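# Secondary and tertiary structure notes
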Amino acid sequence: MLSTLHTTDAAQTVDRIIDVFPPGQQQQIRLQVSQAIEAVLSQALLPLAVGKGRIAAFEIMIANAAVRNLIRDERTFEFA
């Protein structure tokens, strides 16, 4: 799956995907997302330190065993 969301980081992206489902289904969705997700790429445009313009800053979260466990355990706030 490839998608775009208006979120600020990987944790917020995962939470937003899960939050679109009713509360009674969220634990099941959390498990399914943790198994299916491969990566999250976040982009922010930051002002340049010198002069006008912006530069892209990226966050790349690769779903490894630790990330998958954090998603399942509702601890996405611990993504580092």
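From a predicted model like this one, the values you see are computed outputs, not experimental measurements.

## As for the overall build of the protein
- Of the regular secondary structure elements, the protein holds three helices and two strands.
- Going from N to C terminus, the protein has its helices and strands arranged as α-α-β-β-α.
- A compact globule built from 80 residues should have a C-alpha radius of gyration of about 12 Å, whereas the protein, at 15 Å, is more than 25% larger.
- The buried share of the protein, taken over its 80 residues, is 28%.
- In the protein, 43% of the contacts between residues at least 6 apart in sequence involve partners at least 24 apart.
- Total accessible area computed for the protein in this model is approximately 5900 Å², and 57% of it derives from carbon and sulfur atoms.
- Taken as two groups, the 7 positive and 8 negative side-chain charges of the protein have centres that lie 7 Å from each other.

## Some remarks on helix α3 (residues 65-72)
- Within α3, burial applies to Val-67, Arg-68, Leu-70 and Ile-71. Projected down its long axis, α3 carries its buried residues within an arc of 160°, all on one side.
- Among the structural elements, α1 (10-19), α2 (26-36) and β2 (54-62) are those in contact with the buried residues of α3.
- Backbone geometry just after α3 places Glu-74 at a positive phi near 55°.

## Quick look at the environment of Thr-7
- As for its position among the elements, Thr-7 is in the segment before α1.
- Along the backbone, Thr-7 and Ser-42 are 35 residues apart, and their C-alpha atoms lie at a distance of 7.9 Å.
- In contact with Thr-7, not counting residues within four places along its chain, are Gln-12, Thr-13 and Arg-16.
- A polar contact of 2.6 Å, which involves the side chain of Thr-7, links it to the side chain of Thr-13.

## Quick notes on the environment of Leu-46
- Examined against the element boundaries, Leu-46 turns out to sit in strand β1 (residues 39-47).
- With a relative accessible area of 40%, Leu-46 lands in the partly exposed category.
- For the pair Leu-46 and Leu-70, spaced 24 residues apart in sequence, the C-alpha to C-alpha distance is 28 Å.
- Apart from residues lying up to four places away in sequence, Leu-46 is in contact with Gly-53, Arg-54, Ile-55 and Ala-57.

## What about the confidence of the model for the protein?
- For the protein, per-residue confidence averages 94 on the pLDDT scale, and 99% of positions sit at 70 or higher.
- Element-level pLDDT for the protein is lowest in β1, with a mean of 95, against a maximum mean of 98 in α3.

Calculation criteria
- Residues numbered from 1 in each chain as written.
- Predicted model: local features only at pLDDT ≥ 70, side-chain atom pairs only at ≥ 80, totals over all residues.
- Heavy atoms only, no water.
- Helix = DSSP H or I, 4+ residues; strand = E, 2+ residues; numbered from the N terminus.
- Rg over C-alpha atoms; globule rule 2.2 N^0.38 Å.
- Buried < 20%, exposed > 50% of the residue type's maximum accessible area, 1.4 Å probe, protein only.
- Contact = heavy atoms within 4.5 Å.
- Areas by Shrake-Rupley, 256 points an atom, 1.4 Å probe, with all protein chains shown as cover.
- Lys, Arg positive; Asp, Glu negative; His and termini not counted.
- Charge placed at Lys NZ, Arg CZ, Asp CG, Glu CD.
- Arc of directions from axis to C-beta.
- Polar contact = N/O pair within 3.5 Å; in protein donor to acceptor, adjacent residues only side chain to side chain.
- pLDDT = per-residue confidence, 0-100.

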